[in-house]
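Working through the structure, step by step
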Amino acid sequence: MFKNLIAGEWINGSDVIRNLNPSDTNDLIGEYSRASVDQTKQAIAAAKTAFPRWARSSILERHAILRNAANEILSRKDELGRLLSREEGKTLAEGVGETVRASQIFDFFAGECLRLAGETVPSTRPGVSVDVTREPVGVVGIITPWNFPIAIPAWKIAPALCYGNTVVFKPAELVPGSAWSIVDILHRAGLPEGVLNLVMGKGSVVGQTMLTSADVNAMTFTGSTATGKQVALASIEHNRRFQLEMGGKNPFIVLDDADLSIAVDAAVNSAFFSTGQRCTASSRLIVTAGIHDRFVAAMVERMSSLMVGDALKPDTHIGPVVDQGQLKQDIDYINIGKNEGAKLAFGGELVERGTPGFYLRPALFTEATNQMRISREEIFGPVASVIRVKDYDEALATANDTPFGLSSGIATTSLKYATHFKRNAEAGMVMVNLPTAGVDFHVPFGGRKASSFGPREQGKYAAEFFTMVKTAYATA
Ligand code: NDP
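Quantities reported herein were computed from a predicted structural model and do not represent experimental measurements.

Once that is clear, we can look at the site of the ligand. Neighbouring the ligand are 28 residues, the closest being Thr-144, Glu-173, Gly-203, Ser-224 and Met-246. Here an oxygen atom of the ligand sits 2.6 Å away from a polar atom, N or O, in the main chain of Glu-173. Take Gln-326: an N or O atom from its side chain is 3.0 Å from an oxygen atom of the ligand. Taking 850 Å² as the accessible area of the ligand by itself, protein coverage stands at 84%. Comparing atom positions with the cavity grids shows the ligand to sit within the largest pocket. Within the residue set of the shell around the ligand, elements represented by two or more residues are helix H7 (203–211), strand E10 (218–222), helix H8 (225–237) and helix H11 (324–340). For the shell around the ligand, the element with the most residues is H7, which contributes four residues. Residues that form the shell around the ligand fall into these classes: ten nonpolar, 14 polar and four charged.

To continue, consider the environment of Asp-27. Within the secondary structure, Asp-27 is located in strand E4 (residues 24–34). Sequence separation between Asp-27 and Gln-458 is 431 residues; the distance between their C-alpha atoms is 35 Å. Excluding residues that lie within four positions of it along the chain, Asp-27 makes contacts with Asn-19, Leu-20, Asn-21 and Arg-86. Here the side chain of Asp-27 touches Arg-86 through a polar contact of 2.8 Å, side chain to side chain.

Once that is clear, we can look at the packing of aromatic side chains. Scanning all chains against the criterion turns up eleven aromatic pairs. On the numbers, 5.2 Å between centres and 45° between planes, the contact of Trp-155 with Phe-445 is tilted. In this pair, Trp-155 is assigned in helix H5 (residues 151–162) and Phe-445 in the loop between strand E19 (429–432) and strand E20 (448–449), connecting sequence segments 290 residues apart. A residue is classified by how much of its surface remains accessible, and Trp-155, at 9% relative accessible area, is buried. An aromatic cluster of three or more residues is present, and its members are Phe-2, Trp-10, Tyr-32 and Trp-180. A cation over an aromatic ring shows up here: Arg-62 above the ring of Trp-54, its NZ or CZ 6.0 Å from the ring centre. The aromatic ring of Phe-148 is capped on one face by Lys-90, whose charged end is 3.8 Å from the ring centroid.

What the seven strands build is an open sheet, ordered E14-E15-E16-E13-E12-E18-E19; its pairing is mixed. At either end of the open sheet lies a strand with only one pairing partner, and these are strand E14 (343–346) and E19. The mean angle between the axes of side-by-side strands here comes to 25°, regardless of whether they run parallel or antiparallel. Where strand E18 (residues 407–411) lies against E19, four bridges are found, and the strand directions are parallel. In the strand pairing of E19, Ile-410 is matched with Val-432.

Along its sequence, the protein chain is organised into domain 1 (4–246 + 451–475) and domain 2 (250–432). Relative to domain 2, the C-alpha centre of domain 1 lies at a distance of 31 Å. On the domain 2 side, the residues contacting the 24 residues of domain 1 number 28 residues. Together domain 1 and domain 2 conceal approximately 2,100 Å² of surface at their shared face, both sides included; 58% is due to carbon and sulfur atoms. The three residues of domain 1 that bury the most area against domain 2 are Ser-23, Trp-146 and Ser-451, which together make up 25% of that side's buried surface. Where domain 1 packs against domain 2, one counts zero salt bridges.

One pass over the structure, following the stated rule, counts three cavities of 30 Å³ or more. A volume near 110 Å³ is recorded for the largest cavity. Gly-276, Arg-278, Ala-281, Ser-283 and Phe-380 are, among the 15 residues lining the largest cavity, the residues nearest its centre. In terms of residue class, the lining of the largest cavity is built from six nonpolar, six polar and three charged. Of all the secondary-structure elements, those providing two or more residues to the lining of the second largest cavity are strand E12 (250–254), helix H13 (392–400), strand E17 (404–405) and E18. In the lining of the second largest cavity, the residues fall into five nonpolar, six polar and three charged.

Rules used in this analysis
All residue numbers refer to position in the chain's written sequence, counted from 1. Only residues with pLDDT of at least 70 are given local features in this predicted model, and only at 80 or more are side-chain atom pairs given and counted; all residues enter the totals for whole chains, interfaces and linings. Heavy atoms throughout the structure, all of them, feed into the side-chain values; hydrogens and water do not. Neighbouring residues are identified by heavy atoms, a residue being near a molecule or strand if any of them is within 4 Å of it. We call two N or O atoms a polar contact when they sit within 3.5 Å, provided that within protein one can donate a hydrogen and the other can accept it, with sequence-adjacent residues counted only if both atoms are side-chain atoms. Per-residue and other accessible areas were derived by the Shrake-Rupley procedure at a 1.4 Å probe size, with only the shown protein chains allowed to occlude residues. In this analysis the probe radius is 1.4 Å and the grid spacing 1 Å, with only protein atoms considered; a cavity is a set of points the probe fits into but cannot get out of, a pocket is an open set with protein on both sides within 12 Å along at least five of seven lines, and lining residues have an atom within 4 Å of a point. Molecules are considered to sit inside a cavity or pocket once more than half of their atoms lie within 2 Å of its grid points. Helix and strand assignments follow DSSP, with helices taken as H or I runs no shorter than four residues and strands as E runs no shorter than two, numbered in order from the N terminus. Note that Gly is not counted as nonpolar here; it falls among the polar residues with everything else outside the nonpolar set of Ala, Val, Leu, Ile, Met, Phe, Trp, Tyr, Cys and Pro and the charged set of Asp, Glu, Lys and Arg. Contact criterion: two residues are considered in contact whenever any of their non-hydrogen atoms come within 4.5 Å of each other. Only centres within 6.5 Å qualify two rings of Phe, Tyr or Trp (six-membered ring in Trp) as a pair; their planes then separate them into stacked at under 30 degrees, edge-to-face at over 60, and tilted for everything else. When a residue's accessible area, from a 1.4 Å probe over protein chains only, is under 20% of the maximum for its type it is buried; when over 50% it is exposed; and in between it is partly exposed. A ring has a charge above it when a Lys NZ or an Arg CZ is no more than 6 Å from the ring centre and no more than 35 degrees off the ring normal. A pair of strands is treated as paired once DSSP finds two or more bridges between them. Where helices are involved, their axes are fitted lines through C-alpha atoms of the stretch in contact, as for all axes, and angles between N-to-C directions lie from 0 to 180°. By convention here, the domain bounds are inherited from an automatic or database domain assignment. When two components associate, each loses some accessible surface as probed by a 1.4 Å sphere; the sum of these losses over both components is called the buried area. Whenever Lys or Arg places a side-chain nitrogen within 4 Å of a carboxyl oxygen from Asp or Glu, that contact is recorded as a salt bridge. Grid points are joined across faces, edges and corners, and a volume is the space filled by probe spheres set on the points.

If you want it as structure tokens, here you go:
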């Protein structure tokens, strides 16, 4: 039984999460303990007690712990990557890649501990000096989704600890294994008791207890727009800062002048890799008329060569959908698309493999419009639609006509259009001749409109959320 970490002790919970493999639901990965409401409150209290000492801890102590964690994650990348793929269903290569990414994030923030700085500036008043410094916020509540079981926890936990905050961490119920492993690694790396607490369990129980606690000083959340709204409302109630990363309906434009092979590579990666379960996935392929038919034909040809199968098998390109609920959502949207009048050009059917798993062949719609529900609502599966447009201007207007604004991509050989698109795409991240998904860890990550709220995550911009600025005046 994998337990929760509260005040430095591994504690049994009230109930058990059975962590199942979506490639083979007969495969029980492990039993993970669900924290109760009382245990969640104890975790918050432990983080509060640990805060004053950790806030004043030596930057070298923090640096060493984060660096040691980075090293251990990297040295165990194959084992942890396999666990990740087994519990989430992304391919082994994707699972190992995500694990390496988590190591890089801890390594980056280990370095940031040593680069903490403020400024001293002259006052407008003679004889007065002004210091501008950053201080930790306090107890940070972290709630993460299932689609990046190790990278998203890493990019929230690492900066929280780096800047001197203490943490209460609730991973998604579907993927407790990777979360437990990184908490175990950080605990053994030497974190003092109470600095990092793990409370596994349901959002409606553990998550809600965190949201309604007056002792959680900041909440960082990634997940659905609906839950994000609850995080926001509860945080305003408690006068606490919050940061939300939510859905996307990311456009990928293909212009007549695009290199077809670059466009197809980027579109297939954006739409279907990681089984389309990425907030940065592209589900709207906006294609100008002159290249439309060639692009669709090339997409169908490429998609026919994609192997859907067990995430752990080396020849698999697309792993299973994460669970029955998400599979139902994907199939419902495929039916909605057909009923709305879009044409299913490829895939969308269940696939039988040797094991009971949630296998769905990636689906491509054509003749879609931007007003259809499949073009406006986040499906979060391997389902993409091609929307035909006349020219670049219509493509840009269509790309921006969405409630979301996370990532936005274009395939073009035109410097003029690439430059114009970088400036005018209404999204937090813009990609030229690259997939909409796949970002670096040392630069800001985040979106606009309904996709994100609050300061950016990752890179040195993470300090905006995980620290408070203080301005101190003194006479010389
Ligand atoms: P949720 O928003 O429900 O879950 C994200 C996290 O929030 C999980 O840890 C979840 O816990 C927790 N949570 C759920 N309800 C509450 C609550 N009332 N209070 C506090 N915490 C809560 O997303 P799902 O995982 O259910 O996915 C649903 C949809 O959200 C997807 O189909 C997709 O459209 C979108 N999504 C977007 C992601 C993104 O990165 N943009 C990531 C994941 C999902 P638990 O699940 O353990 O109960």
